[in-house]
Amino acid sequence: MGEKEQNGGDAPLNPLEPTAELVNAANGIDHKIHPQKDVMIEDSAVTKAEKFERHHEVDELEDSPAKRRKLDADERDEEQAPTKSERKKGVAPIKAEFLVYPPGSKRDMGAAIADDDSAEGAAHTRDSDKRSKKEKSRGQNSNRSFGRSRDEVSLCSSRTTAPEFSPAECRFGDECKFEHDLRKYLKEWKREDLSTFDGICPIWKRKGKCDVGWKCRFVGSHSRERDTDDGRKELVLVGDEDAIVRHAKLDGVSDIGTINDISTQTKSDLMKHKFQTTKADKYITWLDKSGQHPKNSGRGGEKEAIEDNRAQFTEPPLLPSEKRRIYFGPETPVLAPLTTQGNLPFRRLCVGLGAQVTYSEMAMSLPLLQGSKSEWALMRAHESEALPPKVVNTTVKNYDNAKDLKFGAQIAANKPWQALKAVEVLTKLCPQLRVVDLNCGCPIDLVYRTGAGSALLDSPAKLEKIVRGMNAVSGEVPITVKIRMGTKDNKPTALKLVDRLVYGSEEALKSGYESCGAAAITLHGRSRQQRYTKSADWSYISECAALIDDYNKRGDDIADTAREVDGRSQPGNGKVYFLGNGDCYSHVDYNAHLEEAKVDSVMIARGALIKPWIFEEIDKGQYLDKSAGERLALVEQFVRYGLETWGSDEMGVGTTRRFLLEWLSFAYRYVPVGILDHLPPHLQDRPPAWRGRNDLETLLGSDNYKDWIKISEMFLGPAHKDFNFAPKHKSNSYEIEAEG
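Summarised in this report is the structure supplied together with it. (Residues numbered from 1 in each chain as written. Predicted model: local features only at pLDDT ≥ 70, side-chain atom pairs only at ≥ 80, totals over all residues. Heavy atoms only, no water.)

A word on the overall build of the protein
Definition in use: Under the scheme used here, helices are H or I runs from DSSP no shorter than 4 residues and strands are E runs no shorter than 2 residues, and both carry numbers assigned from the N terminus. For each residue, the accessible area found with a 1.4 Å probe, counting protein chains only, is set against the maximum for its type, and the residue is called buried under 20%, exposed over 50%, and partly exposed in between. Should any heavy atoms of two residues lie within 4.5 Å, those residues are considered in contact.
Along the backbone of the protein there are 27 helices and 13 strands. In the protein, which comprises 740 residues, the share counted as buried stands at 54%. Across the protein, contacts joining residues at least 24 apart in sequence account for 76% of those joining residues at least 6 apart.

Rendered as structure tokens:
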């Protein structure tokens, strides 16, 4: 019987009316807050009445008739003139119908802002670092272990891509510890094939063959059993000739579509110190003999000595003005260097969504010079990153967009010789680099204590020396710098540092040095001590932008003749680009920073991790309320890219799963714009506990890492029994605590 019949044809019963009989919401009232979701106990009429009483300070439901009439009148007024709730600072303004708990309750706050150090330098922390008791209490999973994802017994490499009856010869013979019997390997040691992606190997489907052969978790899609002439049945791998032809690659692009791949032999030469860095060696020798430290130069005729030593170069290095021209503008939003999360598949995803400039994860100079396999893997980029950025009507002199590309490398170094040698090696071995960027902003303790990263902010003379030397040995590749406001709160030093990087210090110029020649400077609007607490200071970024704008306008005609710079040393015919970084989470933020701070472009970090389609929003100039299905499609795309990068065998699947989970540890923080009361969304806002418009949206917003694993299993199947994943912190509800 319907509600009107129960009530004599009148409107549905008001659950707050004391004279009415309360009924079960699931049976009596058609609750339509979320028609996609099952009705939950906290959504019942009884529970809502109880919550209203507890949290809205109603004395009793059995109020006097006069008081009830007043409440009813207030409700009618609200219905006649609806108003939005006021926006509370630091809290995501989620519409009331999507809140798990009513506003004002003790349980209405969700997880706190995560420790975003994991986006900058997380791979450069050590469990053995000594920490104070205060640091130990932060709840960090300092001993994170991801377990292993491998076959119980692996197939010998001599059998990996060979037919069953004609394998290659194993050089270890009977002493080989890997499996030689293909059928036994497939039956006993290899896990069952995955059924995701319709059971078809994404790599084989794209390029016509699969490099991991029989180890592939989709091997059934590219193998068959054939009859041999002697009546036996042989297992063989099959290829797709049409796909192989379509996948033909250009020079410099690997079989899996990557660039800047370094051979094993080259890494071995680096490890054995057989790789020559002639320009860096000469420049370092020149520095040692002539100038020592820039701040100590300029005494007793050192200028003449410097000029004499410059003649020692048999092949003078290129001046900054001879570098390849680059361009940053409103149409070139930049994806920041992101440690761990800024891997090749994620950058490829962002490029597809509109990112115009990308950077490698931060690489340490010394491991690069030592041929570290893991460090050189950071230099690999996808072929889409070798395409030029989108440019609209640029007036930069001698800029050739066709010769430009998106991908740049970022390094960290604490000594000039490390930086110079690393730059020379990079520019020799990685022909497709837009720029080499020097990290002077990483706040991680391990990096800072060595004198690299943000520690260079407190050593401006050394930083100036490093940047000038990097320019001398980098060939045609421009050098850029990323800095923070300073190392201490309320003591910004970036303005003086930018002045020094652009013009050169008084001491250095008087000693015969030229300006540093940095082609671009990026300023993160926070100090090292601040890390990611509080909002980025865009007013300070604006001050620094004004200084560089003044430099660019004056060019060679600098009014202060004592500070006059040799025109040949000015990068890009005197143009220095300036980028801002910090708290960009929408196209509104992006455009406001361009307009108000007067920066050339904006570098986006956490905003891209939380919603990679921010680049698409910037391009279209509007908010995009991505559905849960569209967001899940991006997860699927990432998985495909991960399998193409790391392989579709057990190890590649495990690696893809691990980096997918690292990304989801940021992506879950996205609150759909369609359920917000106020726009724009703010990156620093903490959402109350909320539920999505459907179950999938709720799942994608879960802060429980076990739900992230469930999402990964939609595309990668059940995790390996030895696979482990723990979020960076033991709990997802924690606060960042600034050091000091």
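There is more to say, and it comes next.
Points about the state of the cysteines
So the rule is basically this: Disulfides are defined as pairs of cysteine sulfur atoms found within 2.5 Å of each other.
Throughout the structure, instances matching the rule amount to zero disulfides. Cys216 supplies the cysteine sulfur nearest to Cys210, a cysteine that is in no disulfide, at a spacing of 3.9 Å.

Side note on the packing of helix H15 (residues 416-429) against helix H17 (residues 460-473)
Here is the rule we go by: An axis is simply a line fitted to the C-alpha atoms; with a helix, the fit covers only the stretch in contact. Between two such axes, the angle follows the N-to-C directions and lies from 0 to 180 degrees. An angle below 35 degrees is read as roughly parallel, one above 145 as roughly antiparallel, one from 65 to 115 as roughly perpendicular, and any other as oblique. Should the near helix be turned anticlockwise from the far one by less than a right angle, the crossing is left-handed, and should it be turned clockwise, the crossing is right-handed. Only Asp, Glu, Lys and Arg are considered charged in this grouping, and only Ala, Val, Leu, Ile, Met, Phe, Trp, Tyr, Cys and Pro are considered nonpolar; every other residue, Gly among them, is considered polar.
Viewed as axis vectors pointing N to C, H15 and H17 meet at an angle of 25 degrees, and their least axial separation amounts to 9 Å. In terms of axis orientation, H15 runs roughly parallel to H17. The handedness of the crossing between H15 and H17 is right-handed. Across the interface between the two elements, Pro416, Ala419, Leu420, Val423, Glu424 and Thr427 from H15 touch Lys462, Lys465, Ile466, Gly469, Met470 and Val473 from H17. Partitioned by chemical class, the residues of the contact of H15 with H17 number seven nonpolar, two polar and three charged.

Focus: the pattern of salt bridges
When the charged atoms of two side chains lie near each other, side chains of opposite charge can form a pair. Where we set the bar: For this document, the term salt bridge refers to a Lys or Arg side-chain nitrogen within 4 Å of an Asp or Glu carboxyl oxygen.
In total, this model carries 38 salt bridges according to the counting rule given. With its nearest N and O atoms 3.1 Å apart, the salt bridge here joins Arg191 to Glu650. Taken together, the residues Arg191 in the loop between helix H6 (182-189) and helix H7 (202-207) and Glu650 in helix H25 (residues 650-667) connect sequence positions 459 residues apart. Assessed through its relative accessible area of 21%, Arg191 is described here as partly exposed. When its relative accessible area of 3% is taken as the criterion, Glu650 is described as buried.

Considering unusual backbone geometry
Cis peptide bonds are those with omega within 30 degrees of zero, and the linkage from Leu679 to Pro680 qualifies with 5 degrees. With phi around 75 degrees, Thr340 is a residue other than glycine that occupies positive phi space. Along the chain, Thr340 turns up in the loop between strand S4 (334-335) and helix H12 (344-352). For Asp583, which is not glycine, the phi torsion reads 65 degrees and is therefore positive. By the element assignment, Asp583 lies in the loop between strand S12 (577-581) and helix H21 (587-597). On the basis of relative accessibility, which here comes to 16%, the residue Asp583 falls in the buried class.

Topic: the packing of helix H20 (residues 538-554) against H21
Here H20 crosses H21 at 50 degrees, and the two axes come no closer than 9 Å. As far as their axial angle goes, H21 and H20 are oblique. The two elements H20 and H21 cross, and the hand of that crossing is right-handed. Here Trp538, Ser542 and Ala545 of H20 lie close against H21, whose contacting residues are His593, Glu596 and Ala597. Here the residues of the contact of H20 with H21 are counted per class, giving three nonpolar, two polar and one charged.

Re the nonpolar core
Proteins that are soluble and globular tend to have nonpolar side chains buried together. For the record, the criterion: The definition of a nonpolar core used throughout is a set of buried Ala, Val, Leu, Ile, Met, Phe, Trp, Tyr and Cys residues joined through side-chain atoms within 4.5 Å.
The biggest cluster of nonpolar side chains holds 149 residues, and the ones touching the most others in it are Trp376, Leu426, Met470, Ile483 and Trp663. In this view, Leu426 contacts Leu368, Trp376, Met379, Ala409, Ile411, Leu433 and Val436; residues no more than four positions away in its chain are not counted. Among the nonpolar cores identified, the runner-up in size contains eight residues, and Ala92, Phe98, Leu99 and Leu676 belong to it.

Quick word on the pairing of strand S2 (residues 233-237)
The line we're drawing: The rule for pairing is simple: two strands pair if DSSP sees at least two bridges between them.
Note that strand S1 (residues 223-227) and S2 share five bridges and pair antiparallel. Its bridge partner being in S2, Ser223 is matched across the sheet by Leu237. Between the end of S1 and the start of S2, which pair antiparallel, lie five residues, with Gly231 showing a positive phi angle near 85 degrees.

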